[in-house]
Amino acid sequence: MTEHTPDSMNRRQLLAAGATATGALATSRALAQEAVGQPLMGDPQLPEAPQERTGWAVVGLGTFAVGQVIPGFVAANRSRMTAFVSGTPSKAATLGERYGVSRLYDYDNYDAMAGDDSVECVYIVLPVGLHAEYTIRALEAGKHVLCEKPMASTSAECERMIAAARANGRQLGVAYRVHFEPTNNAALSRMNDGAIGPVRHIRCEHGFQANPDYPPHKWRLEKKLAGGGSMFDIGIYGINTALMMLPGDRPVEVSGLYSYPQDDPRFAEVEGGVDWRMRMASGAVISGSGSYCYSPYISRQTYLGGQGNITMDPATTYYDNDALISDGNGARPIGASPAIAQFAAQVDGFTDAAREGRAHRTPGEMGHRDIALIEAIYASADADGTPVLL
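A quick note: this is a predicted structure, and the numbers were derived from the prediction, not measured.

J.: What's the story with the packing of helix α9 (residues 230–244) against helix α11 (residues 364–382) in this structure? I'm lost.
T.: Between α9 and α11, the least distance of the axes is 10 Å, while the angle of their chain directions is 115 degrees. As α9 packs across α11, the resulting crossing turns out to be right-handed. In contact with Met231, Phe232, Ile236, Ile239, Asn240 and Leu243 of α9, α11 contributes Met366, Arg369, Asp370, Ile371, Leu373, Ile374, Ile377 and Tyr378. Looking at the contact of α9 with α11, its residues break down into 11 nonpolar, 1 polar and 2 charged.

J.: Teacher, can you tell me more about the sheet that holds strand β12 (residues 309–312) here?
T.: In a beta sheet, neighbouring strands are held together by backbone hydrogen bonds and run either parallel or antiparallel to one another. If you trace the 9 strands from one edge of the open sheet to the other, you get β14-β13-β12-β11-β7-β10-β9-β8-β15, paired in mixed fashion. Each of the sheet's edge strands pairs with one partner strand only, and the pair in question is β14 (330–333) and β15 (388–389). Relative to strand β10 (residues 285–291), strand β7 (residues 199–209) runs parallel, the two being bridged by 7 bridges. Residue pairing for β10: Gly207 is matched across the bridge by Ser291. Contacts between helix α6 (residues 182–192) and the sheet are confined to β7, β11 (293–305), β12 and β13 (323–327), with β12 contributing the most and set at about 175 degrees to the helix. Lying over the sheet, α11 contacts β8 (251–258), β9 (273–280) and β15, oriented at roughly 50 degrees with respect to β8.

J.: I would appreciate a short explanation of the nonpolar core in the present structure.
T.: Generally speaking, soluble globular proteins have nonpolar side chains that are buried together. Counting 76 residues, the largest nonpolar core has Val122, Ile286 and Ile310 as its most contacted members. Here the element with the most residues in this core is α9; it accounts for 9 residues. Each residue touching Val122, except ones within four places of it in the same chain, is listed here: Trp56, Ala57, Val59, Tyr110, Met113, Ala138, Lys143, His144, Val145 and Leu146. Listed in part, the 24 residues of the second largest apolar core include Ile70, Ala175, Phe343 and Ala354.

J.: Which parts of the structure should I look at to understand the pattern of salt bridges?
T.: Oppositely charged side chains may form a pair once their charged atoms are brought near each other. Following the criterion strictly, the structure yields 17 salt bridges and no others. Its salt-bridge partner being Arg355, residue Glu48 comes within 2.8 Å of it at the nearest N-O pair. Here Arg355 lies in helix α10 (residues 341–356) and Glu48 lies in the loop between α1 (11–31) and β1 (54–59), a separation of 307 residues in the sequence. Arg355 gets classed as partly exposed once you look at its relative accessible area, which sits at 38%. A salt bridge links Arg300 to Glu205, with the shortest nitrogen-to-oxygen separation between them at 2.7 Å. Here the residue Arg300 occupies a position in strand β11, and Glu205 occupies one in strand β7, the gap between them amounting to 95 residues. Connected through salt bridges with shared partners, the residues Arg203, Glu205, Arg300 and Asp313 form a single ionic network.

J.: I'm lost on the packing of aromatic side chains in this one. Help?
T.: Each pair of aromatic rings is reported with the distance of its centres and the angle of its planes. Inspection of every chain in the model, using the stated rule, returns 16 aromatic pairs. Look at Tyr258 and Tyr378: their rings are 6.5 Å apart centre to centre, the planes differ by 35 degrees, and that puts the pair in the tilted class. Of the two residues, Tyr258 sits in strand β8 while Tyr378 sits in helix α11, which places them 120 residues apart along the sequence. Residue Tyr378 is classed as buried on the basis of its relative accessible area of 15%. Between Tyr260 and Phe267, the aromatic rings sit 5.4 Å apart at their centres with planes inclined by 80 degrees, giving edge-to-face as the arrangement. The buried category is assigned to Tyr260, whose relative accessible area is 14%. Judged by its relative accessible area of 6%, Phe267 is buried. Each residue in the set Phe208, Phe232, Tyr258, Tyr260, Phe267, Tyr292, Tyr297 and Tyr378 is aromatic and connected to the rest through ring pairs, giving one cluster.

Definitions and limits used
Residues numbered from 1 in each chain as written. Predicted model: local features only at pLDDT ≥ 70, side-chain atom pairs only at ≥ 80, totals over all residues. Heavy atoms only, no water. Axes fitted to C-alpha atoms, helices over the stretch in contact; angles between N-to-C directions. Helix = DSSP H or I, 4+ residues; strand = E, 2+ residues; numbered from the N terminus. Left-handed = near helix turned anticlockwise from the far one by under 90°. Contact = heavy atoms within 4.5 Å. Nonpolar A, V, L, I, M, F, W, Y, C, P; charged D, E, K, R; others polar. Pairing = 2+ DSSP bridges. Core = buried A, V, L, I, M, F, W, Y, C linked by side-chain atoms within 4.5 Å. Buried < 20%, exposed > 50% of the residue type's maximum accessible area, 1.4 Å probe, protein only. Salt bridge = Lys/Arg side-chain N within 4 Å of Asp/Glu carboxyl O. Phe/Tyr/Trp six-rings, centres within 6.5 Å; stacked < 30°, edge-to-face > 60°.

Geometry only, nothing functional implied.
In C-alpha cells form, the structure reads like this:
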C-alpha cells in the first residue's frame, strides 16, 4: 500500500487534475479574444534590406571612426559599410570580421576602389591634413564623398575638392553632424517659428584641455596633420552651428584675439585658443571662443532673441545635448530624441543626396565657407584684433 502525502498523487487524482485544467483552458479560450494578424498600417519607414542599401567605404579607423561613425552605420536604414581603409591591416581585419566587411584596403591600394562596385560612397575620417588628397582621389575614382570636418587645411584645398566633385559629377559633403542632431534641430524649429523673436546675439563656447600624451589629441597639435589649432577642431562648432540657426543671414565682418599662454609648449605649431566675433548682414552678432585650454570639456550655445532665449548646454556632443527655452511662459526644456541618432541620420542623409543627385544638407561649399571664416579670424588675431571685412 502506497503512503499518501501532500507531495504525491495517485493515478485517479492525476486524471482528475488534468480534466480540471483542460476545462479551465477551454473556458479561457471561449472567453478570451484570439490573437489574429493585422495588415501593415501606414508608412513605418522600415529599414531597407541589406542588399538594397548604398555601400560605403570608411577611410581611417581611428577612435572617432570606431566609437561613433561605425555604430552610426549599424543604426542606419539606407546605408551599409562594404569596405574599410586602414594603415593597420590587423585592425581592419578585426573590425571587418565584427561588422561583416570583407573588402579591406590600405593607403597603397586606395585607388583600387575605383573598380569596386560595392562602394558608392566614401567617408573620410582621417586627420585634417589628409582630407584634400584622399577626398580628391575618391572623387576621381567615381565615388561620392562625405569628408569629416573641418573640410581641409586651407580654403584653397577646399576649392580643389569642390572642383574635383564637379569635374567628376559626384556629391561632396562635409560631416557637420550637428545639422542632423535632434536637440539642435528642435531648437532651430523653435527659432524658425518665432518662439524667441528675432535673434540678436549668439554666444558660443567650445573647448577642452589638450593632452599631447593622448594619441587622439597629439596629432591635433601638429600643424601638418591638424591644419590649424583649436578653431579648426572645436571652435568651428560654434561658427557652423550658429550660422545654421540664422538661415538666410550672412557674415560681413569678423575679428579675433588669441587667448592662450604663448609660452605653452603644446602650442608651438598651432594656436591654443581664440576669442572671436562675427557681425551679420542683419545686424545680429555672434561671438565665441575655441580653446585647447578649457577644463572640463565645454560645449555651450546661447541664443538671445527679442522675446526669449535658448540655452544649449551641452550643445554639440555625441551623446547628451540639452536645450532650455525661456520666454514669457517661463523656462522649460526642449525635448528631443537621443543625440546619438545624429550619426545614422547623417550617413542616410548623404546616401539620399547621392541617390537623388542633389547637394547634401552640409555641402562642400559650407565647409569652404567655414575655413575661409577661420582664416579671416586668424588674420584679425595676427593683427591684434583688427576687424576683417568679408
